[in-house]
Number of protein chains: 2
Amino acid sequence: MKLTTKGRYAVLALTEIALSEDKNLIKISEIAKSQNISSTYLEQILSNLKKNGFVKAVRGPNGGYKLALKAENIIMSDVIEVIEGKIEAKGCSHKNVSCTGISGKCLNHDLWDELGKQIDLFLSHISLKDILEGNILGRSRAPIIAENCDKMTIN
Amino acid sequence: MKLTTKGRYAVLALTEIALSEDKNLIKISEIAKSQNISSTYLEQILSNLKKNGFVKAVRGPNGGYKLALKAENIIMSDVIEVIEGKIEAKGCSHKNVSCTGISGKCLNHDLWDELGKQIDLFLSHISLKDILEGNILGRSRAPIIAENCDKMTIN
DNA sequence: TAATTCTTGACTAGTTTTGTCAAGAAATAC
DNA sequence: GTATTTCTTGACAAAACTAGTCAAGAATTA
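Residues numbered from 1 in each chain as written. Chains lettered and ligands numbered in written order. Predicted model: local features only at pLDDT ≥ 70, side-chain atom pairs only at ≥ 80, totals over all residues. Heavy atoms only, no water.

**A closer look at the pairing of strand 1 (residues 55-58) of chain B**
All names here are of chain B. Spelled out, the test is: When DSSP finds two or more bridges between two strands, those strands count as paired. Here a strand is any run of E in DSSP of at least two residues, a helix any run of H or I of at least four, and the numbering for each starts at the N terminus.
Looking at chain direction, strand 1 and strand 2 (residues 64-67) are connected through four bridges and run antiparallel. Note that in strand 2 the partner of Val55 across the bridge is Leu67. Hairpin connection of strand 1 to strand 2: five residues between the antiparallel strands, including Gly60 at a positive phi of 90°.

**Here we look at the pattern of salt bridges**
Residues and elements named next belong to chain A. The test is simple: Each reported salt bridge corresponds to a side-chain nitrogen of Lys or Arg within 4 Å of a carboxyl oxygen of Asp or Glu. Buried residues are those whose accessible area, probed at 1.4 Å on protein chains only, stays under 20% of the maximum for their type, while exposed residues exceed 50% and partly exposed ones sit between those limits.
A full pass over the atoms with the stated rule returns four salt bridges over all chains. When the shortest N-O distance is used, the salt bridge between Asp130 and Arg139 registers 3.6 Å. Given a relative accessible area of 12%, Asp130 falls into the buried group.

**Points about the protein's contact with DNA strand C**
As a reminder, the rule being used: Whether a residue is near a molecule or strand depends on its heavy atoms: it is near if one of them lies within 4 Å of it. Under the rule applied, a polar contact is a pair of N or O atoms within 3.5 Å (in protein, one hydrogen donor and one hydrogen acceptor; residues adjacent in sequence only if both atoms are side-chain atoms). Basically, the charged four are Asp, Glu, Lys and Arg, the nonpolar ten are Ala, Val, Leu, Ile, Met, Phe, Trp, Tyr, Cys and Pro, and anything else, Gly included, counts as polar.
Around DNA strand C, the structure places 26 residues, and the nearest of them are Lys27(A), Lys50(A), Tyr65(A), Ser38(B) and Arg59(B). The sugar and phosphate moieties of DNA strand C supply 69% of its atoms located within 4 Å of the protein. Within the side chain of Lys2(B), one N or O atom sits 3.1 Å away from a phosphate oxygen of DNA strand C. Every element with two or more residues in the surface near DNA strand C is listed here: helix 3 (39-51), strand 1 (55-58) and strand 2 (64-67) of chain A together with helix 1 (5-19) and helix 3 (39-51) of chain B. Classifying every residue of the surface near DNA strand C gives eight nonpolar, 11 polar and seven charged.

**As for helix 2 (residues 28-35) of chain A**
Residues and elements named next belong to chain A. The cut-off we apply is this: Residue contacts are defined here by distance: any two heavy atoms, one from each residue, within 4.5 Å place the two residues in contact.
Looking at helix 2, one finds that the buried residues are Ile28, Ile31, Ala32, Ser34 and Gln35. Contact partners of the buried residues in helix 2: helix 1 (5-19), helix 3 and strand 2. Taken from the residues just after helix 2, Asn36 is the one with a positive phi, measuring 60°.

**Re the protein's contact with DNA strand D**
Taken together, the neighbourhood of DNA strand D is formed by 26 residues, with Ser38(A), Arg59(A), Lys27(B), Lys50(B) and Tyr65(B) sitting nearest. Among the atoms of DNA strand D close to the protein, meaning within 4 Å, 68% are from sugar or phosphate groups. Thr4(A) places a polar side-chain atom, nitrogen or oxygen, 3.4 Å from a phosphate oxygen of DNA strand D. Between DNA strand D and Thr5(A), the relevant distance is 2.7 Å, taken from a phosphate oxygen to a side-chain nitrogen or oxygen of the residue. Within the residue set of the surface near DNA strand D, elements represented by two or more residues are helix 1 and helix 3 of chain A together with helix 3, strand 1 and strand 2 of chain B.

**Details of the environment of Ser127(A)**
All names here are of chain A. Relative to the elements of secondary structure, Ser127 occurs in the loop between helix 5 (107-123) and helix 6 (128-132). Note on Ser127: relative accessible area 7%, which makes it buried. Distance in space between the C-alpha atoms of Ser127 and Ser77 is 8.7 Å, their sequence separation being 50 residues. When sequence neighbours within four positions are dropped, the list of residues in contact with Ser127 reads Ala71, Glu72, Ile74, Ile75 and Met76.

Right under this line is the structure:
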């Protein structure tokens, strides 16, 4: 579970590409310059986005990048998974049962599993179009309230 | 926004301490052994948890750790913030306005801000007691549905 | 054909993570 | 009060990862 500059630059680049969509293609060097990011570093990221079908590249003079999908079909969970790898959560080392619950599974796993699920759930509801439209703020939600589940209580 | 072994070990240690609460104090070496974690590494983590009031330490023979608070008052967002530092999200480099929206703020900031808020919101509703009771799974929720906000649409 | 732009992969500096080690301080059992 | 146990603190270090560089090459168009 991590978020590095690569993930942020990827979304940033997609935003820039989308915003210049009506004009024409946008070059790596233009994105790099306008955002003050290393263009050789951006190459890696855009190459990855291309390989995974989010953008298309055109080589040669006046070449550059454009979106390969409509902005509403570019989903943030997909983008981040491609760039950062899968949101994954590890629990304990399983050497011992002292932290296992009723399910025989480490009690801590549930926390990280569910947090990973929450992050993925959030990002899977956000498209590039939402970002372009400024439709993000205020969308996060508190988890479902826990019930007091006596049969599972310890102590 | 990161989650390292330190955060996971911290929750793991808290779980072990809570589970042995009725018996007596639990030693670092016991936790380290049962979870197969380096005990000297655990020291750093427990020292931090102590400094921040989550656990109490007793030195000397038959010493060890116990919870300083009730399990229901040990909130995961607090624990993780202490151990991993604040969930923070950065957007773009602000050198240019090409990615700024109506608010004059980088469009991407919203995404990372709101994701950070979502993670914090989730963790702030989970206590150590919830973990002990296995009351975690199924609690994550999809974000609020975006409205089509025409006045903000680009393109 | 020349210029432009993306493509690919190897390489590297710096930072962070994940520990280790050692000297010391406090508490208790005897 | 001495020895033992256990936590406390801070310096140190290997390994992994991040962020970025560099260079040779392939495709496209003017």
